[in-house]
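# Breakdown of the fold
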Amino acid sequence: MDSTISCLAAWMPRQRWYAGKGRAPHLAIIGSWDLPSPSPGVVVRTYLVVDESALPIVLYQVPVVARATADVEADAAHVIGDPEPGTTLIDGPHDPAYANALLALITTGTEAVGSGARAQGFPAGAGAPLTAMRSAVLAGEQSNTSIVYRPAEEGAAAPIICKVFRQLHGGRNPDIELQTALAAAGSEHVPPAIGSIGGSWPDPMGRGEQAGSLAFAQEFLPGVEDAWRVALRAASSGEDFTERAEQLGVATAEVHLLLAGLFPPHEASEQDRAAVRAVWDRRLVTAVSEVPGIAARRAEIEAVYDRALQHPWPALQRVHGDYHLGQVILVPGRGWVLLDFEGEPLRPMAERTRPDLALRDVAGMLRSFDYVGGSIRLDRPDHSVDAVTDWVAAARAAFLRGYAGAADVDLADVADLLNALELDKAVYEVIYEARNRPTWTSIPRSAIGRIIDRPG
């Protein structure tokens, strides 16, 4: 086991989903289980690995396939290492032995019991037929690993995408909970659910046993781009986007209304309002300490927050939680489809599943439209500033028009709250950009100024 830990400790820090960049990991395996292997000598195993160098401790799901080294190509990508002579570990999602066993676990609803941990498949409805599938890992993800399955024979079955959660938390992941409920209710704005995997493991903090989500599979919609790419291309060329933006507002409202029916909302109490304001204030303190120039506008930012508390708030309900143009796709003949209801992955699960303001999703999308314009100004300084500014304003207005009409809400009645939520998002963004992309801080800094200067 020590040799396996050594291999993982050398490999994990190079993975995009590893959260402990910049420090040496201190790993321990707290549980594992095996899935059926396609051939003798091939082991399909999932390790649950805690990194004790992080505060708080982070728990990772690390599926591996152990093969004879002689059977592994010398230049094979995604090799973890050789824990013992003659045996090579491969990152599970990139090996068909794991990918096929994972899909079988989901669609058959079977159970895998291992050392200190277990996994259980939960098909959604009738699940999906077990047909021969080709698998490939979706590129570009940050915090999870998604496997795309396509039928070996064209038309034999619909493509499937299965998201393997790399960081594990106790509690049901909202990506599974919300999308499964929406799909079961007949929403056209989410892909049909195929099923999920739940499991249990020892609490890394020594408080008994935890149960949570391990993976989620749903229909894959190939050949479409996310709205960020579509909007960026439209804004760059001056193509009108208002009709699509308005329909996106309609789709967003329809999902919010359905969620409010599936998961009953509750009135915002003074305690709820105080908790939200406390989050705004903590974020602002961080921005003031890390980003030059924010301190000079602190009082004006706080005044926007104060105005939001002077009016009644809408009821709190389940929401998307991390809503932006990269989380929606436009499917021909179907319209807008929303993805990734996981919420902000680094937030505790208890926070991600807590009822929130639906307007937070609206504010997130408004900020995303603003980022389209800001990124064009940065990448193409020769582009007409006025043209981009007009495009962004038109898209934002159309989105709000569509949302207000479908939700049957007068946004003028909640303008101060929406301004505060958008401002808080911009404050978050300025912290993120200062830490990761300093040349992009101008985008949220400009937004902070514009929101502050709006008539109160």
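Overview of the structure.

Here is what the cut-offs are and how they apply
- Residues numbered from 1 in each chain as written.
- Predicted model: local features only at pLDDT ≥ 70, side-chain atom pairs only at ≥ 80, totals over all residues.
- Heavy atoms only, no water.
- Helix = DSSP H or I, 4+ residues; strand = E, 2+ residues; numbered from the N terminus.
- Buried < 20%, exposed > 50% of the residue type's maximum accessible area, 1.4 Å probe, protein only.
- Contact = heavy atoms within 4.5 Å.
- Phe/Tyr/Trp six-rings, centres within 6.5 Å; stacked < 30°, edge-to-face > 60°.
- Lys NZ or Arg CZ within 6 Å of the ring centre and 35° of its normal.
- Pairing = 2+ DSSP bridges.
- Axes fitted to C-alpha atoms, helices over the stretch in contact; angles between N-to-C directions.
- Polar contact = N/O pair within 3.5 Å; in protein donor to acceptor, adjacent residues only side chain to side chain.

### Side note on the environment of glutamate 246
Looking at the secondary structure, you find glutamate 246 in helix 5 (residues 242–262). On the basis of relative accessible area, glutamate 246 is assigned to the partly exposed category, the value being 27%. Along the primary structure glutamate 246 and glycine 405 are separated by 159 residues, whereas in three dimensions their C-alpha atoms are 9.6 Å apart. Excluding its chain neighbours within four sequence positions, the residues that come into contact with glutamate 246 are Ala398, Phe399, Arg401 and Gly402.

### Considering the packing of aromatic side chains
A full pass over the atoms with the stated rule returns ten aromatic pairs. A ring pair is formed by tryptophan 17 and tyrosine 60, whose centres lie 5.7 Å apart and whose planes are at 50°; its orientation type is tilted. Linking tryptophan 17 in the loop between helix 1 (2–11) and strand 1 (27–35) with tyrosine 60 in strand 3 (residues 58–68), this pair joins segments that are 43 residues apart in sequence. For the pair shown, tryptophan 17 and tyrosine 60 are each scored as buried. Among the aromatic residues, those joined into a cluster by ring pairs are Trp11, Trp17, Tyr18 and Tyr60. Over the face of the ring belonging to tryptophan 313 we find arginine 273, whose NZ or CZ atom lies 5.1 Å from the ring centre. For the cation-ring pair, arginine 437 lies above tryptophan 440, with the distance from its terminal atom to the ring centre recorded as 4.0 Å.

### So, the sheet that holds strand 3
With antiparallel pairing, five strands are arranged side by side in an open sheet as 1-2-3-5-4. A strand with exactly one partner marks an edge of an open sheet, and here the two such strands are strand 1 and strand 4 (79–84). When strand polarity is set aside, the average angle formed by the axes of neighbouring strands in this sheet is 35°. Here three bridges tie strand 4 to strand 5 (residues 87–91), and the two strands are oriented antiparallel to one another. The residue bridging glycine 81 from the neighbouring strand is leucine 89, located in strand 5.

### Details of the side chain of arginine 318
Note that arginine 318 resides in the loop between helix 7 (298–308) and strand 13 (328–331). Looking at arginine 318, the relative accessible area reads 8%, which means it is buried. Engagement of the side chain of arginine 318 in a polar contact is seen with the side chain of glutamate 177, the distance being 3.0 Å. A distance of 3.3 Å separates the side chain of arginine 318 from the backbone oxygen of threonine 353, its partner in a polar contact. Leaving out residues up to four positions away in the same chain, arginine 318 has contacts with Pro174, Glu177, Leu178, Leu259, Phe263, Arg352, Thr353 and Pro355.

### Points about the sheet that holds strand 8 (residues 133–137)
For sheets, the rule is that strands pair by backbone hydrogen bonds, running either parallel or antiparallel. Pairing is antiparallel across the open sheet formed by seven strands, whose spatial order is 6-7-11-12-10-9-8. Of all the strands in the sheet, just strand 6 (111–113) and strand 8 have a single pairing partner and so form its edges. Direction aside, the axes of adjacent strands within the sheet are offset by 20° on average. Here five bridges tie strand 8 to strand 9 (residues 144–151), and the two strands are oriented antiparallel to one another. Bridge pairing in strand 9 places arginine 134 opposite arginine 150. With respect to the sheet, helix 3 (residues 174–184) is in contact with strand 10 (160–165), strand 11 (193–202) and strand 12 (209–219), its orientation differing from that of strand 12 by roughly 45°.

### A short note on the environment of valine 430
Residue position: valine 430 is located in helix 11 (residues 415–436). Distance in space between the C-alpha atoms of valine 430 and arginine 445 is 6.5 Å, their sequence separation being 15 residues. In contact with valine 430, other than residues within four places in its own chain, are Ala287, Val291, Ile294, Thr441, Pro444, Arg445 and Ile448.

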